[in-house]
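Descriptive analysis of the structure
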Amino acid sequence: MIRPVLARRERVVPATQAAGFVVGIVVALILGAILLWVSDHSPAEVYERMFDSAFKGTDSLSRTLERATPLALTGLSVAVAGSMGLWNIGAEGQMMAGAIVATGVAMMADGLSGPLLIALMMVSGVVGGMALMIGPALARSHLRVSEIITTLMLVYVAIRVVEWLETGPWKDPESFGFAVIEPVPEQAALPGLFGRANIGMLIALGLLLVFWLAVSRTAWGYELRLAGSSPDTARYAGVSLRRKVLTALLLSGGIAGLAGAVQLTGSAVRLESGLSNGYGFAGIIVAALALMRPSGVAVVAFVFGAVQVGGQSIQTLGVSSAIADILQAMILFGALVAVVFFNYRIQWSGPGGESSIAESGEPDLAGEVA
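As the structure is a prediction and not an experimental result, all values here were calculated from the model.

From N to C terminus, the protein chain includes 15 helices and four strands. Its C-alpha atoms give the protein chain a radius of gyration of 23 Å, within 12% of the compact-globule value 21 Å for 370 residues. By its C-alpha atoms, the protein chain is 75 × 60 × 35 Å across when sized along the principal axes. With 370 residues in all, the protein chain has 48% of them scored as buried.

Rendered as structure tokens:
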């Protein structure tokens, strides 16, 4: 029986990551245009509105950067774990945990000056994210329990804690019956740069640079990558896999917690159950498209920020903002398919399971994709 199999190309396309991302964007725009046309909307008009709202003028650009900031931080959070072959699916909950602890600190230390209070809230956000991650990290490093399941389950725990705080001990006494938490002190607001952009963007860029340098230029980063790509080799070289797993997951949770503190002090005025706004889950897509690389995280986060801002603006045209989520998903699938075909080609196996791939000396990857 003849069947298709994948074989690695002898010459792969250079800059596969960037090329795949561009192809993904093109595929998303084409499929999105078809979807809009079928829905009796003008693709040109919708795309023009999305582009203008995301890039035209400093105010539009600042909105895009404001959206891109938490996406970059959660994307980096997932990438830190991903650099060792781990998947942090719970950045959404760690964002909430970071915001919870940061809010508690702000309530207890609201008399502090602005810079000191902001710094304290940032640190407490990191601690909150790590606190929610400590259980999955220990379970993964010592018991080999999948971090995918445990981190995802804790997302809903963090959200329920916020809902309890809204209606219980942290309920704003001046909310007139509405279940909301009192706002953070005015001095806790992050200083602005221009428009709606604030220094949270600089915090995200700084962390991306630090992580890139740490992974590519230090022995710690080399050991982290080695442990992720070849655990047996790392173990033979004397690298403690348990320690690396703990380090990677705790750092991942801490960065997601920082994203929650940045969102709380930069864009939101109070802790609420919708503060994470799906940024944690979108960060998984950002990191995947960036191939867990910090430089790619920055670019993908910026593009996704623009897509989300544009998605909000087209509601005035009678188009659902869900088109933004659809475009993000299409970019991901388009890019993944493009990268596969950049690196592999389809060949057909012969009768009896024999393949022209085997005859040419190339590896038969049918078992990997079957």
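Now that the structure is up, let's keep going.
Moving on, we come to the nonpolar core. Counting residues in hydrophobic clusters, the biggest one holds 73 residues, and the most contacted among them are Met121, Leu271 and Leu289. Ignoring sequence-local partners within four residues, the contact set of Met121 consists of Ala102, Ala106, Val184, Ala188, Ala261, Leu264 and Thr265.

Let's shift gears to helix α6 (residues 147–167). In a regular helix each residue adds 1.5 Å, so 21 residues correspond to 30 Å; α6 covers 31 Å between its end C-alpha atoms and thus fits that length. On its buried side, α6 packs onto α4 (91–108), α5 (114–143), α10 (241–266) and α11 (279–289). Regarding α6, its N-cap is Ser146, as a side-chain oxygen of that residue lies 3.2 Å from the backbone nitrogen of Ile148 further along.

What follows covers the side chain of Ser53. With respect to the secondary-structure elements, Ser53 resides in helix α2 (residues 43–55). Under the relative-accessibility criterion, Ser53 is labelled buried at 14%. At a separation of 2.9 Å, a polar atom in the side chain of Ser53 contacts the side chain of Ser313. Contacts of Ser53, omitting those with residues within four sequence positions, involve Ser60, Val309, Gly310 and Ser313.

As a further point, take the packing of aromatic side chains. The tally for this structure, following the rule as stated, stands at two aromatic pairs. When the centroid spacing of 5.1 Å and the interplanar angle of 50° are considered together, the rings of Phe51 and Phe55 count as tilted. Within this pair, Phe51 and its partner Phe55 are both found in helix α2, separated by four residues, close to a single helical turn. The class of Phe55 is partly exposed, set by a relative accessible area of 30%. When the ring of Phe55 is compared with that of Phe302, the centres are 5.9 Å apart and the planes differ by 45°; the resulting orientation is tilted. Here Phe55 is found in helix α2, whereas its partner Phe302 is found in helix α12 (residues 294–313), with 247 residues between them in sequence. Among the aromatic residues, those joined into a ring-pair cluster are Phe51, Phe55 and Phe302.

What follows deals with the confidence of the model for the protein chain. Regions with low pLDDT should not have their predicted coordinates read in detail. The predicted model of the protein chain has a mean per-residue pLDDT of 87, with 92% of residues at 70 or higher. In the predicted structure, residues 356–370 sits below a pLDDT of 50 and forms 24 contacts with residues beyond four places in sequence or in another chain.

Looking now at unusual backbone geometry. Non-glycine residue Asn277 carries a positive phi angle of around 55°. With respect to the secondary-structure elements, Asn277 resides in the loop between α10 and α11. The class of Asn277 is partly exposed, set by a relative accessible area of 44%. Of note in the backbone geometry, Met292 takes a positive phi value of approximately 65° without being a glycine. Within the element layout of this structure, Met292 appears in the loop between α11 and α12. You can call Met292 buried: its relative accessible area is 16%.

What follows covers the pattern of salt bridges. Taken as a whole and judged by the stated rule, the model has seven salt bridges. The partner of Arg160 in a salt bridge is Glu163, and the shortest N-O contact between them spans 3.6 Å. Of this pair, Arg160 and Glu163 both sit in helix α6, three residues apart, which is roughly one turn of that helix. The salt bridge partner of Asp232 is Arg235, with a shortest N-O separation of 3.0 Å. Here the residue Asp232 and the residue Arg235 both occupy positions in helix α9 (residues 231–236), the gap between them amounting to three residues, near one helical turn.

Here we take up the packing of helix α8 (residues 219–229) against α10. In contact at an axis separation of 10 Å, α8 and α10 are set at 105° when each is read in the N-to-C sense. The angle between the axes of α8 and α10 places the two elements in the roughly perpendicular class. Judged by residue contacts, Trp220, Glu223, Leu224 and Ala227 of α8 engage Leu241, Lys244, Thr247, Ala248 and Leu251 from α10. Residue classes in the contact of α8 with α10 are distributed as six nonpolar, one polar and two charged.

What follows deals with the packing of helix α7 (residues 200–217) against α12. Across the interface, α7 lies against α12 with an axial gap of 8 Å and an inter-helix angle of 155°. The orientation of α7 relative to α12 falls into the category roughly antiparallel. Contacts between α7 and α12 involve Leu208, Phe211 and Trp212 from the former and Pro294, Val297 and Ala298 from the latter. Across the contact of α7 with α12, the residue classes tally to six nonpolar, no polar and no charged.

Definitions and limits used
- Residues numbered from 1 in each chain as written.
- Predicted model: local features only at pLDDT ≥ 70, side-chain atom pairs only at ≥ 80, totals over all residues.
- Heavy atoms only, no water.
- Helix = DSSP H or I, 4+ residues; strand = E, 2+ residues; numbered from the N terminus.
- Rg over C-alpha atoms; globule rule 2.2 N^0.38 Å.
- Buried < 20%, exposed > 50% of the residue type's maximum accessible area, 1.4 Å probe, protein only.
- Core = buried A, V, L, I, M, F, W, Y, C linked by side-chain atoms within 4.5 Å.
- Contact = heavy atoms within 4.5 Å.
- Expected span 1.5 Å × (residues − 1).
- Polar contact = N/O pair within 3.5 Å; in protein donor to acceptor, adjacent residues only side chain to side chain.
- Phe/Tyr/Trp six-rings, centres within 6.5 Å; stacked < 30°, edge-to-face > 60°.
- pLDDT = per-residue confidence, 0-100.
- Salt bridge = Lys/Arg side-chain N within 4 Å of Asp/Glu carboxyl O.
- Axes fitted to C-alpha atoms, helices over the stretch in contact; angles between N-to-C directions.
- Parallel < 35°, antiparallel > 145°, perpendicular 65-115°, else oblique.
- Nonpolar A, V, L, I, M, F, W, Y, C, P; charged D, E, K, R; others polar.

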